[in-house]
Amino acid sequence: MDRNYFEEMEAKIPHGKVRTRFAPSPTGYMHVGNLRTALYTWLIARAAGGTFILRIEDTDQGRYVDGAVEVIYRTMAQCGLDHDEGPDVGGPVAPYIQSERRDTYGKYARLLVEKGGAYYCFCEKTESEEDVGVFNRAADPCRDLPMEEVQAKLDAGMPYVIRQKIPTEGTTTFHDAIFGDITVENSTLDDQVLLKRDGLPTYNFANVIDDHLMGITHVVRGSEYLASAPKYNLLYESFGWEVPTYVHCSPVMRDSQNKMSKRHGDPSYEDLIAQGYLTEAVLNYVALLGWSPKGEQAEQEIFSLEELVKAFDITGISKSPAIFDRVKLDHFNAVYLRNLSAEAFCKVAEPYIRQSVKGDFDMAAIAALLQARCERLTDIPEKVDFFDALPAYDVSFYTNKKSKTDPQISLKMLEAAVPMLEALDEWTVESIHDGLIDLAARLEVKNATLMWPVRIAAAGKPVTPGGAVEICHILGKDETIRRLKAGMAMLASC
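What counts, and at which threshold
Within any chain, residue numbers begin from 1 and follow the written order of that chain's sequence. Whole-chain, interface and lining totals are the exception, using all residues; otherwise, since this is a predicted model, local features are given only for residues with pLDDT of at least 70 and side-chain atom pairs are given and counted only at 80 or more. Excluding hydrogens and water, the side-chain values take into account all heavy atoms of the structure. Secondary structure elements follow DSSP: runs of H or I of four or more residues count as helices, runs of E of two or more count as strands, with numbering from the N terminus. As used in this structure description, the phrase polar contact means that two N or O atoms lie within 3.5 Å; if the pair is within protein, one of them must be able to donate a hydrogen and the other to accept it, and residues adjacent in sequence are counted only when both atoms belong to side chains. Contacts were defined at the residue level, with two residues in contact if any of their heavy atoms lie within 4.5 Å. Any carboxyl oxygen of Asp or Glu within 4 Å of a side-chain nitrogen of Lys or Arg constitutes a salt bridge here. For a helix, the expected span equals 1.5 Å multiplied by the residue count minus one. Whether a residue is buried, partly exposed or exposed follows from its accessible area with a 1.4 Å probe, protein chains only, as a fraction of its type maximum: under 20%, in between, or over 50%, in that order. Among buried residues, those of type Ala, Val, Leu, Ile, Met, Phe, Trp, Tyr and Cys that are joined through side-chain atoms within 4.5 Å constitute a nonpolar core. Centres within 6.5 Å are what make two rings of Phe, Tyr or Trp a pair, Trp counting through its six-membered ring; a difference in plane orientation under 30 degrees is then read as stacked, over 60 as edge-to-face, and the rest as tilted. To define axes, lines are fitted to C-alpha atoms, for helices over the stretch in contact only, and angles between the resulting N-to-C directions are given on a 0 to 180 degree scale. Should an angle fall under 35 degrees it is called roughly parallel, over 145 degrees roughly antiparallel, and 65 to 115 degrees roughly perpendicular, with every other angle called oblique. Handedness of each helix crossing follows the sense of rotation of the near helix against the far helix: counterclockwise by less than a right angle gives left-handed, clockwise gives right-handed. All amino acids are sorted into three groups, where Ala, Val, Leu, Ile, Met, Phe, Trp, Tyr, Cys and Pro are nonpolar, Asp, Glu, Lys and Arg are charged, and the leftover types, Gly among them, are polar. Strands qualify as paired when DSSP identifies two bridges or more between them.

## Focus on the side chain of Gln-98
In step 1: Structurally, the position occupied by Gln-98 is in the loop between helix H3 (68-79) and helix H4 (102-114).
In step 2: At 3.0 Å, the side chain of Gln-98 and the side chain of Asp-210 are in polar contact.
In step 3: Leave out the neighbours within four places in its chain, and Gln-98 touches Arg-55, Ile-56, Glu-57, Asp-58, Thr-59, Tyr-105, Ala-206, Asn-207 and Asp-210.

## Considering the pattern of salt bridges
In step 1: A complete count under the given rule lists 25 salt bridges for this structure.
In step 2: Arg-3 is paired through a salt bridge with Glu-114; the nearest N and O atoms lie 2.6 Å apart. Pair noted here: Arg-3 is in helix H1 (residues 3-12) and Glu-114 is in helix H4, with a separation of 111 residues, a long-range link.
In step 3: If you follow the salt bridges from partner to partner, you end up with Arg-21, Arg-55, Glu-57, Arg-101, Asp-210 and Asp-211 in one network.

## Section: helix H16 (residues 407-422)
In step 1: Here H16 contains 16 residues, and its C-alpha end-to-end distance of 22 Å stays within 8% of the 22 Å for a straight helix at 1.5 Å per residue.
In step 2: Those residues of H16 that sit buried are Ser-410, Leu-411, Met-413, Leu-414, Ala-416, Ala-417, Val-418, Met-420 and Leu-421.
In step 3: Against the buried residues of H16 lie helix H17 (429-443), helix H18 (447-459) and helix H20 (477-492).
In step 4: The N-capping residue of H16, defined by a side-chain oxygen 3.1 Å from the backbone nitrogen of Gln-408, is Asp-406.

## Focus: the nonpolar core
In step 1: Judged by nonpolar contacts, the single largest core of 57 residues is most densely connected at Ile-353, Ile-366, Ile-380, Phe-387, Leu-436, Val-454 and Leu-484.
In step 2: For Val-454, the contacting residues outside a window of four places in its chain are Leu-414, Ala-417, Leu-436, Ala-468, Cys-472 and Leu-484.
In step 3: By size, the runner-up hydrophobic cluster in this structure holds 48 residues, among which are Val-247, Val-282, Leu-289 and Trp-291.

## A short note on the packing of aromatic side chains
In step 1: The full count for this structure, using the stated rule, is 21 aromatic pairs.
In step 2: Note on Tyr-5 and Phe-6: the rings are 5.3 Å apart at their centroids and 85° apart in plane angle, and the pair reads as edge-to-face. For the pair shown, Tyr-5 and Phe-6 are each scored as buried.
In step 3: Seen in terms of ring centroids, Tyr-120 and Phe-122 are 6.4 Å apart; in terms of plane orientation they differ by 20°. Their pairing is stacked. Across the pair, exposure class does not vary: Tyr-120 and Phe-122 are buried alike.

## Remarks on the packing of H16 against H17
In step 1: As a packed pair, H16 and H17 sit with axes 10 Å apart at the nearest point and diverge in direction by 135°. As summarised for this structure, H16 and H17 are arranged oblique, according to the angle between their axes. Regarding H16 and H17, the two cross each other, and that crossing is right-handed. Contacts from Met-413, Ala-416, Ala-417, Met-420 and Leu-421 of H16 reach H17 at Ile-432, Gly-435, Leu-436, Leu-439, Arg-442 and Leu-443.
In step 2: Here the contact of H16 with H17 is composed, by residue class, of nine nonpolar, one polar and one charged.

## Examining the sheet that holds strand S3 (residues 118-121)
In step 1: One open sheet accounts for three strands, arranged S3-S4-S7; its pairing is antiparallel. Unpaired on one side and paired on the other, S3 and strand S7 (193-195) mark the two borders of the sheet. On average, each strand axis in the sheet is tilted by 40° relative to the strand beside it, whichever way the strands run.
In step 2: Sheet topology places S3 next to strand S4 (residues 161-164); four bridges connect them, and they run antiparallel. Bridge pairing in S4 places Cys-121 opposite Val-161.
In step 3: Taken strand by strand, H4 contacts S3, S4 and S7, and its axis lies near 105° from that of S3.

Here is the structure:
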């Protein structure tokens, strides 16, 4: 075996600072747990002034989905999780797509055989047996085959896999930054396949090889991989390599019993954006799914990406699973929507306003009504559909105990309001407001007693963004008076 190859590969490995990687599989969408892993991995690198790498793990061709790589790039870009090295930008340890590194894995698998950490297995065994772990290591006749017999089988072209050679006795201890030291009996570990018959590596083997050759110092992944960590450690030890810092994150749960799953309708990142959430709100909320700030920021909830970089510390990651709470996410989104400038909110809201408002109305004025009253952008169309067309509504809407109105009182209010509004020379928020307030004083009624029926007649809804004044102003003088007269006719016929 050419030792120069391995020396050259070692020489390429960058050293001297933190290097992290996000290594998604292109399987179709970015679920919330994946996004959290990407965010935490990015934050570890950025907080330490290190390097963040994007690597595409496409060795499982059976799960590959066309267009999924583009989803990964698009999601990362939208979230501001920029990478320093990756398939699209290159880097010192390219290529960054696993299927393009196929020859590398084969060479290292054979090197591991030489070092005594793996062996060729020629046994006939179905993939389904492998998947459910029924293969009995102790009964594997290939584990201790003489090298001459192995070579003869290879020369004869017999198909094979390469398996990890787990010690039959003793224990393996690994350290995790979240869970601490964990020790397992080697007898509980199976001789996992490292290189499959098609020459492609298994997920676990490719991870170890790539992480080492790319100089990865911190490996962030889900706690479901804790069971694989001892095998990873044994691989590193067999090669004589330094073990990276493991950061295993507990799962994101739909509820106390079930992990989030696309099969059960749980949302991906793109789903959440389509459902009216802002990227910044999603990122902020996801950051707090299993991580808590410390010190002066312990009670802080709202973090920009830049603030997260300054606040993030691995020690704040919890061992406990995190529950994905829609109500909490709605709260975060509402805060972010309110904190936008009026111009920025109008820009993100207008496409949703236009779903139900086709007429020539002032979009900025409608957006201004919504900003403080909106949790999700997708709430908008239903809130403002009355601008285009007055909906059919029930006369009972005119009855409101707090405003001291009923159909009879409402009719009197509208009969007084219409001529006053018709007489206005200017149709401005100020003129409408002052006219209605002055009219209420002259009628010797509470402002609400007049405003309630005006708003019901103008909008046809008991709950609206904005009050009577703002709605009338946006509708325009002619449409407002037309609607108020229609309300009078409805009330007069009762």
